[in-house]
Structure formats: C-alpha cells, structure tokens
There are 2 protein chains.
Amino acid sequence: MAGQEKRPIVTVDTVLFTLRDGRLTTLLQSRDKPPHAGSLALVGGYVRPEEDASTTDAASRILRQKAGLAGLFLEQLATFSGPDRDPRGWSLSVAHYALVPEAALAAAQGLEAFPAEDPPPLPFDHGAILAAALARIRTKGAWSSLPALLLPDTFTLPELKAVYEAVMGERLNDSAFRRKINDLRLIEEVPDARSQATAERRRPAQLYRLTRRAFVAFDRVI
Amino acid sequence: MAGQEKRPIVTVDTVLFTLRDGRLTTLLQSRDKPPHAGSLALVGGYVRPEEDASTTDAASRILRQKAGLAGLFLEQLATFSGPDRDPRGWSLSVAHYALVPEAALAAAQGLEAFPAEDPPPLPFDHGAILAAALARIRTKGAWSSLPALLLPDTFTLPELKAVYEAVMGERLNDSAFRRKINDLRLIEEVPDARSQATAERRRPAQLYRLTRRAFVAFDRVI
DNA sequence: TTAATAGTGTCTTTTAGACACTATGAC
DNA sequence: GTCATAGTGTCTAAAAGACACTATTAA
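Residues numbered from 1 in each chain as written. Chains lettered and ligands numbered in written order. Predicted model: local features only at pLDDT ≥ 70, side-chain atom pairs only at ≥ 80, totals over all residues. Heavy atoms only, no water.

Caption draft 1: Local environment of the overall build of chain A. Helix and strand content of chain A: 6 helices and 10 strands. Dimensions of chain A, computed from C-alpha atoms along their principal axes, come out at roughly 65 × 30 × 30 Å. Buried residues in chain A amount to 53% of all 222 residues. Long-range pairs, those at least 24 residues apart, make up 63% of the contacts in chain A between residues at least 6 apart in sequence. When the accessible surface of chain A is summed, it comes to about 11000 Å², and 49% of that surface belongs to carbon and sulfur atoms. Within chain A, the 27 negative side-chain charges are centred at a point lying 3 Å from the centre of the 29 positive side-chain charges. (Helix = DSSP H or I, 4+ residues; strand = E, 2+ residues; numbered from the N terminus. Buried < 20%, exposed > 50% of the residue type's maximum accessible area, 1.4 Å probe, protein only. Contact = heavy atoms within 4.5 Å. Areas by Shrake-Rupley, 256 points an atom, 1.4 Å probe, with all protein chains shown as cover. Lys, Arg positive; Asp, Glu negative; His and termini not counted. Charge placed at Lys NZ, Arg CZ, Asp CG, Glu CD.)

Spelled out as structure tokens, the structure:
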C-alpha cells in the first residue's frame, strides 16, 4: 500500500502498581534493546496486528512475555504521541496501567520496585506516563473498589483501609471508612473466616472478599 | 524499513458536542470517501506524522480542514483498536471530543445535528465512541466548569445552570447550584453587564465569565 | 400592576469526620 | 489481667436538597 511508510510507530506501555511495605510502588524493567538499552523503563513493546486483538490485548501479551505477569487488572490510561518522544521516529504509545497483587508478583521476572511517587529518571516520556497513571489511580481509587485489587482475594478491613490510604495518599477516618464500604456493598464477609494473628497483628480480624457487584465498576480483568 | 507493513492504520476521530434548543447535541458529517461513503459519521481522518505534532494536533487539523472548526476545547477520550473495526485492516483510532459553542458553529460546514443520547446508527465503532464520549462529558461535567465551554464567553447564571442540566442529564437545585458555583470560584461577574431581555427572558440577568482559575482544570484549548 | 424570571434565605436531610468507647484474643 | 488491635456508637460539622420568599424589570 502506498503511503504505508508514513504510518506512525505503534507501541504499548504499561505502568505496574503494587504494594510494598504498605506503600504504593511501581515496577520497572531494564530495557534489553536500544534505544535506551540498560535503562529502567515501563514494560512495553510493539503492537503486533497479526496476533493482537486490541492494544490492551497487546499490553497483556507483552506483560506475559516480558515480565511473566498474567491475570492482572489492566486498563487503558491514555495515548501519548509525537515526533520526538522516541528516537526511532514519530511514535504513538497506548499507555495502560495494571494492578499487581503480591501473589502475581511471585511469578514475575526482572522487575525492580520503586516508590510510585518518587521513581528514578525514566527514558522516553515514561516519566509523564507514570505521573498520569498515578493521578488516574488516585482519582479512580477514591470512588471504586479498585484499590482492593492490590490485595489477595480475601483481606481484612484494616488491610483494605491501609490500601485505600496508600493509593489515595492520605489518612482515612476509621468509622467513616467502614460506613462507606458497607454502603457501597462492594465487599462481603467470608463466612467463619478470620485472619491469622501475626507479630504486628495481635487480634485476628474478619476476612472479606469483593462482591460480584464490585467488579462491574471495572472494564475488565485480563 | 522492514516490518513497516505490519504497522496499524492510525486515525483520529472527534465527537462534537454542542447545545441545540437546550439539549446536548452531537454533530456528524457525511463521509465523502469509502469505506461507508455517504454515511453520517464522526469527523475523522489519518494522522499525518509529517505535519502533526501529536494525535490531538491531528484531530485539531482535521476539524479545521473538514468542518471549518477552530478554537475549540478539544481533549483526548480513549483509543479504540482492533482487526475488524475498519475494513481497510487492523486499525487504531485515537478518539477525542470537542465542545462547540454556538459562535464557533456559525463558521462550520457540512455538519448535521442529532440528540447526543439518541444518534442515528453509525459506521465503524463510532456508536461506541460516541457513547464513551457522552459518559465522559457527564462524569467530568459534574465537577468542573467544562459545560460552560458550550456557552458564549459571557453568560447568565440561569443559562449556566441550564447547560449543566443538559450535560448532566438531570435537574439541579437552584440555590445549591449557585452556592456550589460560588464556592468553586470558577466564574466572576462582568462589571455592570446584564443580559438583554428577550421573548423568553422577561428580566435581564447579571453576566458572568469564567475565571482564569476555571481553565486550569482543563488539559488545553486548541 | 402584573407576569415572569432573577436571586436570596432558611429549614431539613444527608454525608463525612472526630473521637470516645466496647470487644476480643495473644500473651 | 494487660495490651494492642478490631470494631461500634454517637456527637458534630459540613454539604446538599427543598422550597418559600423577595427583587427586579418589561409590558
């Protein structure tokens, strides 16, 4: 097809969020090819029309192939484009973000953790993408059960409150939190299940899980 | 460059919103080329790397060239992609939405107006894009001065309230509306300026305009 | 003066935050 | 029992809605 050489380079990049010591953390990967080989960057790669059903599908494939991550909540963030963002030429990257619970992280490869609010310098416009993802998760976290996807399938209310605090970056009122969580009906008790006591946790707490209702707020989990 | 033929087709499409008889209205254009020549569709076209600085810049250029529209509030919505959305092949469209005040509409060409909630059947996945844009404007309209961008530079409070009602799709409480608008400090009085009385408007009202503060809420106006 | 819309004041309801209090289980 | 955390109840403050009321101006 004539004019084909005028098409932009099309890639996807994914911002990975997880919890580390109760802080919102991002996971970066060392680039193995130029440009910026050796630099820490978002996990990304080319969209492959012959095998990807969508850009989100491409992001999912790349997370699996390059980081061993699967089954994550993964959502489109925004598209970044321009002549100068990539030395290979006019490029377009459909940025995504994903939430990585600790269990999924066990199988992952080659990822390094950094505080989400204080990342190292990043190549391309990955710094701007990370900042946009952080802004998105903060906004969206305030009125959905999204932060709970950073936790295991079952969790206690104090744990849930701590994740909301980490995601939103502010302290929450205890009784107001329980009231709101209850009103939204996003979680339900796991019958007869209580958490183990640990060194930090003197008293076991009731275990909860997300209700089916909680998931309709999300686009999808891949 | 090898592998170039594997790059997706990259386009932009823009959902245009305006007010018509107090209702939120979308503006569509008859396509002059295949595929779907003659169908009403969103205003869109190819991204041209040699002249566009970004996809939003491409959307702005296409609005100017194909519809004679300039100076609009224009913002990225989301990116739609896949093998089947366009018969020409695997394609990706960066969807945008724009707000068209009546003054800008005067210079526009070849646009037809339809109720935003009840559009005609649209080709490609333009129906889904329009639905997403409507959802976005409703959400964002609730907590920003965005709806005011559908009005002229100066407007009365009753007019402003009517736009919010059209955008949000629900009736608002009068005194609560004034209180909120005042608290947000998004508008200011135009000194000694009052609207004209008309057939529907028995009594002139104070004219207001957006403050500079109101604009920081937005990404940009092109 | 009347009709119609502009604009205000105030009461009620709802929601969110503060914070003291009780409950439970490990030790 | 003691201590730390889980969980509840209640008071207060702030925000949102209902709605009656006053103000202004064209006719």
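Read on, since the account is not over.
Caption draft 2: Quick look at the side chain of R85(B). Residues and elements named next belong to chain B. Checked against the element boundaries, R85 lands in the loop between strand 5 (73-82) and strand 6 (91-99). Exposure remark for R85: the relative accessible area of 12% places this residue in the buried category. Within the local environment of R85, its side chain forms a polar contact with the side chain of S91, the two groups lying 2.8 Å apart. Reaching out from R85, the side chain makes a polar contact with the side chain of D125 at a distance of 2.8 Å. Beyond its immediate stretch of four places on either side in the chain, R85 contacts D13, F80, S91, L92, S93, F124, D125 and I129. (Polar contact = N/O pair within 3.5 Å; in protein donor to acceptor, adjacent residues only side chain to side chain.)

Caption draft 3: Up close: the domain arrangement of chain A. All names here are of chain A. As far as domains go, chain A holds domain 1 (4-141) and domain 2 (146-215). Distance between the C-alpha centres of domain 1 and domain 2: 28 Å. Carbon and sulfur atoms supply 75% of the area that domain 1 and domain 2 bury against each other, a total of about 1100 Å² over both sides. One can count 0 salt bridges joining domain 1 with domain 2. Put simply, the parts of the chain that give the side of domain 1 that touches domain 2 at least two residues each are strand 1 (9-20), strand 6 (91-99) and helix 3 (126-141). Here the element with the most residues in the side of domain 1 that touches domain 2 is helix 3; it accounts for 4 residues. Per-class residue counts for the side of domain 1 that touches domain 2 are 9 nonpolar, 3 polar and 3 charged. (Domains from an automatic or database assignment. Buried area = accessible area lost by both parts, 1.4 Å probe. Salt bridge = Lys/Arg side-chain N within 4 Å of Asp/Glu carboxyl O. Nonpolar A, V, L, I, M, F, W, Y, C, P; charged D, E, K, R; others polar.)

Caption draft 4: Inspection of helix 1 (residues 55-67) of chain A at higher detail. All names here are of chain A. Here helix 1 spans 17 Å end to end across 13 residues, near enough to the 18 Å set by a 1.5 Å rise per residue. Every buried residue of helix 1 is listed here: T55, T56, A58, A59, S60, R61, I62, L63 and A67. Once helix 1 finishes, G68 follows within two positions and takes phi at roughly 70°, a positive value. (Expected span 1.5 Å × (residues − 1).)

Caption draft 5: How the structure looks around the confidence of the model for chain A. When pLDDT is averaged across chain A, the result is 91; 92% of the residues are at 70 or more. In this model, residues 218-222 of chain A is a region of pLDDT below 50 whose contacts with residues beyond four sequence positions or in other chains number 19 contacts. (pLDDT = per-residue confidence, 0-100.)

Caption draft 6: Local environment of the relation of the copies chain B and chain A. Turning chain B through 180° and shifting it by 0.0 Å along the axis lays it on chain A, with an RMSD of 0.0 Å. Here the copies are linked by what is in effect a two-fold axis. Measuring from the rotation axis to each C-alpha of chain B, the shortest distance belongs to A78(B), at 3.1 Å. The residues that chain B uses at the interface reappear at the interface of chain A in 100% of cases, marking a shared surface. (Least-squares fit on C-alpha atoms with pLDDT ≥ 70 in both.)

Caption draft 7: Here's a closer look at the sheet that holds strand 9 (residues 187-194) of chain B. Spatially, 3 strands are ordered 8-10-9 (chain B) in an open sheet, and the strand pairing comes out antiparallel. Looking at which strands have only one partner, the edges of the open sheet turn out to be strand 8 (155-156) and strand 9 of chain B. (Pairing = 2+ DSSP bridges.)

Caption draft 8: Representation of the pattern of salt bridges. Counted by the stated rule, this structure contains 26 salt bridges over all chains. Ionic contacts of the salt-bridge type, sharing partners, join the residues R48(A), E51(A), D52(A) and R61(A) into one network.

Caption draft 9: Spotlight on the packing of helix 3 (residues 126-141) of chain B against helix 4 (residues 157-168) of chain B. Residues and elements named next belong to chain B. The interhelical angle for the contact between helix 3 and helix 4, taken along N-to-C directions, is 135°, at an axis separation of 8 Å. Considering the angle they form, helix 3 stands oblique to helix 4. Seen from helix 3, the contacting residues are I137, R138 and G141; seen from helix 4, they are Y164, A166, V167 and M168. When the residues that make up the contact of helix 3 with helix 4 are grouped by side-chain class, the tally is 5 nonpolar, 1 polar and 1 charged. (Axes fitted to C-alpha atoms, helices over the stretch in contact; angles between N-to-C directions. Parallel < 35°, antiparallel > 145°, perpendicular 65-115°, else oblique.)

Caption draft 10: Structural detail: the nonpolar core. By size, the foremost hydrophobic cluster in this structure holds 42 residues, and its most contacted members are L16(A) and L16(B). The set of elements that each furnish at least two residues to this core consists of strand 1, helix 1, strand 6 and helix 2 (102-106) of chain A together with strand 1 (9-20), helix 1 (55-67) and strand 6 of chain B. The residues touching L16(A), leaving out its near neighbours within four places in the chain, are T25(A), T26(A), L27(A), V43(A), L63(A), L69(A), L72(A), A98(A), V100(A) and L111(A). Grouped together as the second largest cluster of nonpolar side chains are 41 residues, L77(A), A116(A), L146(A) and L151(A) included. (Core = buried A, V, L, I, M, F, W, Y, C linked by side-chain atoms within 4.5 Å.)

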